[in-house]
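Take a look at the letters that make up each chain.
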Amino acid sequence: ESLIVDQGFFSAILDLRNQDEIKTERRSEGSTLFYDWLETNADVRSTQLVNIPVLQDVNRFWDITIEQQLTPLERAQATAQSIWQAGALDRAAARSLEAQQHIGLYKSMLQSGG
C-alpha cells in the first residue's frame, strides 16, 4: 500500500482548506489513507504538509459577498426571508456567486483578504 508521496514525487503538499473542512469525519477514503500515511511516516518521510487556508476569514467573505454582490432588492428580500429561515442571506449570496461563476467568487475572496 504505497502512495505516490511515498515514492518521493512530492516534497510539499499545500492544503488550501480551512480547519473546519479538514475535520476527520468529513474525509473521503483516499483522504483518510493519505492523512494516515502522513501521520504514520512523519519521522521518515520527506514530504511536508503545509496548511495555507484560502479563506482566512469565512465570515468576512460572506459579509463582503452579501454587501457587494447582492443588489439592494436581493439583500432586502433575503433579509426579510431570514425572519422565517435562518441563513437566507448566505443562501442568496451563494446563488449570486453561482450565477457569476468564478469571477464573483474570486472577487469576494480577494476583497475579504482571503
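Whatever comes next refers back to the structure up there.
The paragraphs below set out a description of the structure included in this document. All values reported here derive from a predicted model rather than from experimental measurement.

1. Focus on the overall build of the chain
Line of reasoning, step 1. Of the regular secondary structure elements, the chain holds five helices and two strands.
Line of reasoning, step 2. Mapped in sequence order, the helices and strands of the chain form the string β-α-β-α-α-α-α.
Line of reasoning, step 3. Here the chain holds 114 residues, and the buried ones make up 26% of them.
Line of reasoning, step 4. Excluding contacts between residues fewer than 6 apart, the proportion of contacts in the chain whose partners are at least 24 apart in sequence is 69%.
Line of reasoning, step 5. As presented, the chain carries roughly 8,000 Å² of accessible surface, and 54% of it is formed by carbon and sulfur atoms.

2. Notes on the packing of aromatic side chains
Line of reasoning, step 1. One pass over the full model with this rule turns up one aromatic pair.
Line of reasoning, step 2. Ring plane angle 75 degrees and centroid distance 5.1 Å describe the contact between Phe61 and Trp62, whose orientation is recorded as edge-to-face.
Line of reasoning, step 3. Accessibility expressed as a relative area gives 3% for Phe61, which makes it buried.
Line of reasoning, step 4. A relative accessible area of 23% means that Trp62 is categorised as partly exposed.

3. Points about the packing of helix 2 (residues 58-69) against helix 5 (residues 102-111)
Pairs of packed helices are described in terms of their axes, by the angle between the two and the distance that separates them.
Line of reasoning, step 1. The contact between helix 2 and helix 5 brings their axes to 9 Å, and the two run at 120 degrees. Considered as vectors, helix 2 and helix 5 are oriented oblique to each other. Judged by the twist between their axes, the crossing of helix 2 over helix 5 is right-handed. Residues Arg60, Phe61, Ile64, Thr65, Gln68 and Gln69 of helix 2 form the contact with helix 5, whose own contacting residues are Gly104, Leu105, Lys107, Ser108, Met109 and Gln111.
Line of reasoning, step 2. Tallied by class, the residues present in the contact of helix 2 with helix 5 amount to four nonpolar, six polar and two charged.

4. Observations concerning unusual backbone geometry
Line of reasoning, step 1. Positive phi is not limited to glycine here, since Gln101 has a value of about 60 degrees.
Line of reasoning, step 2. Mapping Gln101 onto the fold places it in the loop between helix 4 (88-100) and helix 5.
Line of reasoning, step 3. Of the residues examined, Gln101 reaches a relative accessible area of 59% and is grouped as exposed.

5. Remarks on a nonpolar patch on the surface
Line of reasoning, step 1. Nonpolar side chains collect at one region of the surface, where Leu14, Leu16 and Ile52 lie side by side and expose about 280 Å² of accessible area between them.
Line of reasoning, step 2. Structurally, Leu16 is set in the loop between strand 1 (12-15) and helix 1 (29-40).
Line of reasoning, step 3. Exposure remark for Leu16: the relative accessible area of 46% places this residue in the partly exposed category.

6. A look at the packing of helix 2 against helix 4
Line of reasoning, step 1. Interaxial distance between helix 2 and helix 4 falls to 9 Å at its minimum, and their mutual angle equals 70 degrees. With respect to each other, helix 2 and helix 4 are oriented roughly perpendicular. When you trace helix 2 past helix 4, the crossing you get is left-handed. Where helix 2 abuts helix 4, its residues Phe61, Trp62, Thr65, Ile66 and Gln69 lie against Leu89, Asp90, Ala93, Ala94, Ser96, Leu97 and Gln100.

Each value, and the rule that gives it
- Residues numbered from 1 in each chain as written.
- Predicted model: local features only at pLDDT ≥ 70, side-chain atom pairs only at ≥ 80, totals over all residues.
- Heavy atoms only, no water.
- Helix = DSSP H or I, 4+ residues; strand = E, 2+ residues; numbered from the N terminus.
- Buried < 20%, exposed > 50% of the residue type's maximum accessible area, 1.4 Å probe, protein only.
- Contact = heavy atoms within 4.5 Å.
- Areas by Shrake-Rupley, 256 points an atom, 1.4 Å probe, with all protein chains shown as cover.
- Phe/Tyr/Trp six-rings, centres within 6.5 Å; stacked < 30°, edge-to-face > 60°.
- Axes fitted to C-alpha atoms, helices over the stretch in contact; angles between N-to-C directions.
- Parallel < 35°, antiparallel > 145°, perpendicular 65-115°, else oblique.
- Left-handed = near helix turned anticlockwise from the far one by under 90°.
- Nonpolar A, V, L, I, M, F, W, Y, C, P; charged D, E, K, R; others polar.
- Patch = residues over 30% accessible without salt bridge, like charges linked within 9 Å, V, L, I, M, F, W, Y side chains within 5 Å.
- Salt bridge = Lys/Arg side-chain N within 4 Å of Asp/Glu carboxyl O.

Purely spatial values, then, with no claim about function.
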